[in-house]
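What follows is each chain in one-letter form.
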Amino acid sequence: MFFIVTIFDLDKFFFRVVFNYLTSGYKKAVDDAADLILVKLNTPGGLVSTTKQILTLMGDSNIPTVIWVTPEGASATSAGAIIASSAHVLVMSEGTNIGAATPIQLSKDIEKGDAKNKAVNDLVALVQGLAKSRGRSPEPYAEMIKTAASFDSRVALEKNVIDGIVSSQSELEQFLNNREFVTKGVRQRLTLDRAQFNFFDMDFGQKILNTLAHPNMAYVLFLLGVALIYFELQAPGGF
């Protein structure tokens, strides 16, 4: 049986609400005795701190995680590429890309110097270690962070950044059938027989929080707050 956690929004960032959503999904997968967790990934990135929490969540699970960058036109960019490096199996659809993972601040690039070197070197070591543990080439992942390199699905496959290219659910099932996974040092083989896909979506509260946490929405709320303060100063006690 498949248990699918979907991250399927181009504008979705890895903030705390997404981590909570994934935590709920992984718990539900354990309760349902799922054999596999599939994350459909399409994101421009997010916070490094939350990204590392998601990596820990995936690494601590006894259920292997498959990440599928899909649909056509989707991307695993910035923090999304780092998340992808942790997948036990990583596949992409045709016409997708992965990379451009150089760390930046919310408003601009990190200034050159020790702070930038520390941030870059930390992430390089992290993604290289994850890639090696999954049997994928570590150097292209280092390039994603050091030089903001980005690869389309075909180039990613040639460079051993990903494990395969699949563009449909049936292709994915064929690709995963009889595939071996090493989860927390334990090797296991997945045998698919009319796999069942169970979709897990955000609950209503998580959807609301995710909308409010979007950087554009946060900026609008900030401007609204500034405007209200201005009106209050213009007429103290009147509003």
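Refer to the structure printed above.
What counts, and at which threshold
- Residues numbered from 1 in each chain as written.
- Predicted model: local features only at pLDDT ≥ 70, side-chain atom pairs only at ≥ 80, totals over all residues.
- Heavy atoms only, no water.
- Helix = DSSP H or I, 4+ residues; strand = E, 2+ residues; numbered from the N terminus.
- Buried < 20%, exposed > 50% of the residue type's maximum accessible area, 1.4 Å probe, protein only.
- Core = buried A, V, L, I, M, F, W, Y, C linked by side-chain atoms within 4.5 Å.
- Contact = heavy atoms within 4.5 Å.
- 1 Å grid on protein atoms, 1.4 Å probe; cavity = no way out; pocket = protein on both sides within 12 Å on 5 of 7 lines; lining within 4 Å.
- Points joined across faces, edges and corners; volume = space filled by probe spheres on them.
- Nonpolar A, V, L, I, M, F, W, Y, C, P; charged D, E, K, R; others polar.
- Salt bridge = Lys/Arg side-chain N within 4 Å of Asp/Glu carboxyl O.

Trainee: Help me get a handle on the environment of Asn117, residues and values and all.
Mentor: In this fold, Asn117 is placed in helix 4 (residues 114-133). In this structure Asn117 comes out as partly exposed when scored by relative accessible area, which is 45%. Placed 29 residues apart in sequence, Asn117 and Lys146 show a C-alpha to C-alpha distance of 9.6 Å.

Trainee: Got a sec to walk through the nonpolar core? Specific residues and values, please.
Mentor: Side chains of a nonpolar character, in soluble globular proteins, are inclined to be buried together. In this structure, Ile67, Leu90, Ile98, Met144 and Val161 are the most contacted members of the largest nonpolar core, which totals 47 residues. Every element with two or more residues in this core is listed here: helix 1 (16-31), strand 3 (36-41), helix 2 (48-60), strand 5 (65-69), helix 3 (79-85), strand 7 (89-92), helix 4 and helix 5 (138-146). Here this core gets seven residues from one element, more than from any other, and that element is helix 1. Those residues in contact with Ile98 that sit more than four places away from it in its chain are Ala76, Ala81, Ala84, Leu90, Met92, Met144, Ala149, Ser150, Phe151, Ala156 and Val161. With 14 residues, the next largest nonpolar core counts Leu36, Val89, Val166 and Ala195 among its residues.

Trainee: How would you summarise the layout of surface pockets if you had to cite specific residues and measurements?
Mentor: The volume enclosed by the second largest pocket comes to roughly 180 Å³. Along its surface, the second largest pocket is lined by His88, Val89, Ser133, Arg134, Asp163, Arg179, Glu180, Phe181, Val182 and Arg187. With four residues, the top contributor of residues to the lining of the second largest pocket is strand 11 (residues 179-183). Of the residues contributing to the lining of the second largest pocket, the split by class is three nonpolar, two polar and five charged.

Trainee: Run through the pattern of salt bridges, naming residues and quoting values.
Mentor: According to the stated counting rule, one finds eight salt bridges in the structure shown. Among the ionic pairs, Lys28 bridges to Asp32, the shortest N-O distance being 2.7 Å. We classify Lys28 as partly exposed; its relative accessible area is 34%. Judged by its relative accessible area of 29%, Asp32 is partly exposed.

Honestly, that's just the spatial picture; any functional story needs more than this.
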